[in-house]
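The residues making up each chain are set out below.
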Amino acid sequence: MDDNTVATLAYVILFAPVVAAILITLFTRKSKGISAFLSVGSVVTGGILSVILLFDQLAKGPGTPPVISQFEWAAARDSAIGDIVLNIGVQVDFISILMSTIVGVVGSCIFVYALGYMKGDEGWSRFFAKFAFFAFSMLGITYATNFVQIFIFWELVGVSSYLLIGYFYQKPSATDAGKKAFMTNRIGDFGMTLGILLLFFAVRDVFGAVDGFSFVELQRIFTDEASRTLLFDAMGWKAGLGAFLIFVGAMGKSAQFPLHVWLPDAMEGPTPVSALMHAATMVAAGVYMIVRCYWLFAWAESAMIAIAWIGGITALMAATIAVVQNDIKKILAYSTLSQLGYMVMACGMWGAGAGMFHLATHAFFKALLFMGAGSVIHACHTNDIWEMGGLAKKMKHTTWTFIAGTLALAGIFPLAGFWSKDEILSASHHIAPLYWIGVGVAFLTAFYMGRCVFTAFFGKYRGDGHPHESPAVMWVPLAILAIFAIFGGWVGAPADLNPFGEHGLQSYLLVAYTTVAEGAHQQVINWPTGQGHMAKSLHMNVAVIGTLVAVAGLFVSYLFYGSRKFSAEKAKKMFGPIYTLVSNKYYIDEFYLFLVKKVQQGFANLCSIVEQHIIIGIFVNGLAGGAREAGDKFRKMQTGRVNTYVTMILGGLTLLVFLFVVGKEFWG
Amino acid sequence: MDAMNLHLMLPEIYLVLLGLVILIADLYLAPEKRFNLGWWTAGGLSVLAVWLFATPTPETVEFAGFGLYRADGFALFMKKVFALTGILVAVMSTGYLKRYGRGPGEFFSLVIFALTGMFMVASVNDFMSLFVSLELVTLCLFILAAYRRHDKLSGEAGIKYIIVGAMAAGLMLFGMAFIYGATGEVRFTYMGADGQLVLLSQTVANLESGWQMTALFGFTVLLVGLGFKVAAVPFHVWVPDVYQGAPTPVTAFLSVGSKAAGFILIIRVITLVVPTIAPGADLALVDQLVKLFALIAGLTLFYGNLAAIPQKNLKRLMGFSSIGHAGYLLLGIVAVLAMKAAGEETMNGVSAIAFYLFAYVFTNMAMFIGMVIFTQGSEDSHAIDDYAGLGKRAPLLALCMTIALLSLAGVPPLAGFFGKFYLISSIVEAARLDGYGWLLVLAAAGAVNVVISMYYYLCVVKRMYMLEPTSDEPIHLPPPAKIAMVACIVLVVVIGIFQGPFVQMATGVLATLGF
């Protein structure tokens, strides 16, 4: 395909959902069928076109230069700091196409699934309009050509997330969760704004007219040894700060510690929303952005170390919390947190390819798990795994797909999760503490997923309903995703095990973020840690240890919850204080509440006093009183007597003549 | 230059004929049909408006009446404003006069003759034609203000207006005499001995310093006369009483037409008679005028807006608000004068005034039409308290009046906001000139007064929506007035949102302004 076709297809993928959202909102709210058709159709179209683009990209081979098409959206020319031009457009390269394929394919499965899940809901059209709007926002991030555009869509994703979390707006907990998500994200976004501006002005100072928002321009600067040194010398410590501040944006969206608190609450939204946004795509936006702007982070070593540690802490903390949750969606939510931490950790250790690969596999099996959970919730009318049990016999399709997802997430050979987790652990090999955190998280992941599966799907049914299998419209998407979860990982396997040999996913990814197109000429970059090559074969020790802990995790959970050899109650007592700490989510929410209630509220009270007495008392009321007083005086000048009027006119004239004509002579 | 060129004066001729037709028709129509003369007037003026809007903006200045009359872009623009004002006044007067029941023929012909005067004002090129045209406007308005002659307030308004007006006219003539004395010329532009077009401002610029003082005195006194027209403090004193006492449609006419006429003349004088200082030349006259106008603009802004606060009568409040608006328009004049004093021919102040006046027509007219509808043609209930609960009694009327008030206060995205915005930005632009940084104080005063005016306008809105109605008598909205009011409001919104064509129209007047 030539560049024009590629760009056109990307525009269609990007704008189809928003057109659907607008049409639904304006015209077809009443007719559910058309609304659903528009919404699902737009996303499925996007998915199919993304796959076409992906195959085109694969056919062109690794390292195809990006196709960029953009138009000027707003501009301030000849301002005090020179021209500022903001562009909107699409940047089509392997990374954006891969992300768009994930959004499109996983999105299509979830949209179809939602047709069954949302059946009979009053807000059907509203739901599908918002859902399509979300797809548009997410694709806008995916195809962004510059920091301003990615920021705009970053905010739009925040808005659509807010709208969808609070979808059941009659429930106070849902609207609260929506607000919490929005506000937490705003903190991250604020950091990101600062980072973007810091970078922009630094680039402007050093290079003048270069567009300091554009990804391609910045990539040129950062990957060229000479210009990078120039910029870093000028920025000094601010370079690391800038990179970290931009990462703060990713911390908000990808729910990294300490901005992770919104994600578990966001499960108040409908399950398809949780699956698409809070598991597969939106929360991956942060990781995607890190990979997209990897040239920026890679050389900011201090920022990278911080990123790696934040990822590691998030992964471990969330995994421990997941162990003590009883709500099936909450288990998956914390598991998502933990896996996002994994990806961020990998990115922070110069393993962006591993992070992106895990993002892809995780999108498929986590969406699958969420939708499986939705199917279970749909059947049992409860979220509590202790009120389920024995579902394996009643819900065959859901069960085998859920187990496939579980094994993939646990990282059992040869399912998808195994390959990507192996990449991550290999990447983290050189920071020992983080490597062992990674291994620990692998164990915990297998354990809490085993706990969930053994409790909910095996044993005896403990609820009081009559659960039965969900309709085909719901389980067929599950089956499709399960196939990806089982076989999808092979595309990214090391070369000697990969069905595509040397041309696996990793080769494309590595090239995509390690080279810069200078016309037809490709320049390969040496990363600071020399990771710019693709793994030829498995790191045997990493793979073996990873698999062993995963199997061990599953086995231990079987002993506790399957065969009940060990008692979970006893374990709880044994770990007394630790259990309390973990089950209260390390009191982070309470700590934030304290900050808001005591610190912020105290400051607000102080401001209120200043406002009441000084601003209102003196400035506002004082000035207003003065104005009223003056008005009253002026009113009295209007006596209604003509002789007063004539006197005023002539007096005024005399005064003016004195001031401006005669006075001129007097005073020179 | 030295030709009659009657074809340029066709709009004025048409107006005179229209006025005569109305006057004569009044004699032959049956008494109950005479009130239809309002529609005749509105129709005749609509034809004129279409004609004017279809006329392309002239690219050169043409002269008629042996140099007394000029046809240029600014004149055409202002004539469009006057024609639209005339139509709206005719529409709102028709129902009003039916209720009052007296003499529609004279009323409408006086409106048309006043409009003729305004058309002439727009085209003056000579102190003599300036005086005569302005007196034509004022004399017609004297009569119109006292039109409810059995009503004490209306009579009082007429008498006060005529006394103060006569004095202002006398002062104006006095000022002109001094300028004539200094320059020996009454024409703004004339053919020099060598056959070249000469501007009076060039003559003023070449005066010796003694004669310059004479001219400055002349300008100052002339300004008093024109300040009376535009209601600039301290020559505004007649405004509240006359606005309150005059029949409401006449008040509307005064507040838009008469004020616009005054501003046209000020603009004509400062663009054609006040010289632009060449770099290095020593000409204190212009600088003095900048300070004089700046002082008056500041006083007018604060006086108009502060004195509006304690008002209890809506017509009187509109009178003070109209003084406040004159203050804003004077900002544009100050900007132009400051540019001239710095030797620049940038006239953004003029296009800002043109845009403001264009927007002001619809905003103010919508407000007055609303008042006429509300009082049902009587003059009994102009107390602001009577508007309590209007939002419930007549939602459409309350909505239209609210939008009009918000536009007057200058709330974006309504037309009034951008009018104020362009005026204040013209002042800020002028403040960049060397030695005129202090003009920023004036710009700040403009911004502060937006807030003050917001208060008293919103007090009216508050009564309409927050308080309970004091009477549940239904309000009848006569269709023609209703349509005119809604059309005005739609334009207020449209001009605010799609300013492009309107701004272009207003800046189009600049090309032929200074010749």
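All values reported here derive from a predicted model rather than from experimental measurement.

Conventions used here
- Residues numbered from 1 in each chain as written.
- Chains lettered and ligands numbered in written order.
- Predicted model: local features only at pLDDT ≥ 70, side-chain atom pairs only at ≥ 80, totals over all residues.
- Heavy atoms only, no water.
- Helix = DSSP H or I, 4+ residues; strand = E, 2+ residues; numbered from the N terminus.
- Buried < 20%, exposed > 50% of the residue type's maximum accessible area, 1.4 Å probe, protein only.
- Contact = heavy atoms within 4.5 Å.
- Areas by Shrake-Rupley, 256 points an atom, 1.4 Å probe, with all protein chains shown as cover.
- Phe/Tyr/Trp six-rings, centres within 6.5 Å; stacked < 30°, edge-to-face > 60°.
- Buried area = accessible area lost by both parts, 1.4 Å probe.
- Salt bridge = Lys/Arg side-chain N within 4 Å of Asp/Glu carboxyl O.
- Polar contact = N/O pair within 3.5 Å; in protein donor to acceptor, adjacent residues only side chain to side chain.
- Nonpolar A, V, L, I, M, F, W, Y, C, P; charged D, E, K, R; others polar.
- pLDDT = per-residue confidence, 0-100.
- Core = buried A, V, L, I, M, F, W, Y, C linked by side-chain atoms within 4.5 Å.

It is worth spelling out the overall build of chain B at this point. The helix and strand tally for chain B stands at 19 helices and four strands. For chain B, with 515 residues in total, the buried portion stands at 65%. Of the contacts made within chain B by residues no fewer than 6 positions apart, 81% connect residues no fewer than 24 positions apart. A total of about 17,300 Å² of accessible surface is found on chain B, and carbon and sulfur atoms cover 67% of it.

It is worth spelling out the packing of aromatic side chains at this point. Per the stated rule, a full pass over the model turns up 61 aromatic pairs over all chains. Relative to B:Tyr303, the ring of A:Phe634 has its centre 4.7 Å away and its plane inclined at 45°; by these criteria the two rings are tilted. Placement of A:Phe634 in helix H26 (residues 588-637) and of B:Tyr303 in helix H11 (residues 284-308) is noted, with the two residues assigned to different chains. Between B:Tyr14 and B:Trp51, the aromatic rings sit 5.9 Å apart at their centres with planes inclined by 90°, giving edge-to-face as the arrangement. Residue B:Tyr14 is found in helix H1 (residues 10-28), and its partner B:Trp51 is found in helix H2 (residues 37-54); the two are separated by 37 residues along the sequence. Classification of B:Tyr14 by relative accessible area gives partly exposed; the value is 24%. What makes B:Trp51 partly exposed here is its relative accessible area of 34%. One aromatic cluster is present, built from ring pairs that chain together A:Phe111, A:Trp124, A:Phe127, A:Phe128, A:Phe131, A:Tyr167 and A:Phe168.

Across the boundary between the two partners, chain A contributes 25 residues, which contact 35 residues of chain B. Roughly 2,700 Å² of surface becomes buried between chain A and chain B when both sides are summed, with 81% attributable to carbon and sulfur atoms. Per-residue buried area on chain A facing chain B is highest for A:Gln638, A:Ile649 and A:Phe660; these three make up 26% of the total on that side. On inspection of chain A and its partner chain B, the count reaches zero salt bridges. Counting every contact that joins chain A to chain B gives four residue pairs in polar contact (both at pLDDT 80 or more). Elements supplying a minimum of two residues to the side of chain A that touches chain B: H26 and helix H27 (642-667) of chain A. The leading source of residues in the side of chain A that touches chain B is H27(A), at 15 residues. Here the side of chain A that touches chain B is built from residues that sort into 16 nonpolar, four polar and five charged.

Bringing the confidence of the model for chain B into the picture now. Within chain B, residue pLDDT values average 90, and 99% of them lie at 70 or more. The ipTM assigned to the predicted complex is 0.86, against a pTM of 0.64.

It is worth spelling out the nonpolar core at this point. Counting residues in each nonpolar core, the largest one holds 223 residues, and the members touching the most others are B:Met78, B:Phe82, B:Phe293, B:Ile333, B:Leu390 and B:Leu397. Of the residues forming this core, the biggest block, 21 residues, is contributed by helix H13 (residues 348-375) of chain B. Those residues within four positions of B:Leu397 in sequence are excluded, and the remaining contacts are B:Gly370, B:Ile373, B:Phe374, B:Leu390, B:Ile475, B:Leu477 and B:Met485. Counting 202 residues, the second largest nonpolar core, distinct from the first, contains A:Val105, A:Trp124, A:Phe153 and A:Ala202.

Within the structure shown, the criterion is met by 22 salt bridges over all chains. As a salt-bridge pair, A:Asp632 and A:Lys636 come within 3.6 Å of each other at their nearest N and O atoms. Placement of both A:Asp632 and A:Lys636 in helix H26 is noted, with a separation of four residues, approximately one turn of the helix. Note on A:Asp632: relative accessible area 27%, which makes it partly exposed. Here A:Lys636 falls in the exposed class, since its relative accessible area comes to 57%. For B:Asp241, the salt bridge identified is with B:Lys160, shortest N-O distance 2.7 Å.

A few words on the confidence of the model for chain A. In the predicted model, chain A carries a mean pLDDT of 84, and 94% of its residues have values of at least 70. In this model residues 517-534 of chain A is a low-confidence stretch, pLDDT under 50, and it forms 46 contacts with partners more than four residues away in sequence or in other chains.

So, about unusual backbone geometry. With omega at 5°, the peptide bond leading from B:Val233 into B:Pro234 counts as cis. By secondary structure assignment, the location of B:Pro234 is in the loop between helix H8 (209-230) and helix H9 (239-245). Unusually for a residue other than glycine, A:Ala255 sits at a positive phi of about 50°. Tracing the backbone shows A:Ala255 in the loop between helix H9 (238-253) and helix H10 (262-265). For A:Ala255, a relative accessible area of 0% translates into the label buried. Even without being glycine, A:Tyr587 reaches a positive phi, approximately 60°. For A:Tyr587, a relative accessible area of 37% gives the class partly exposed.

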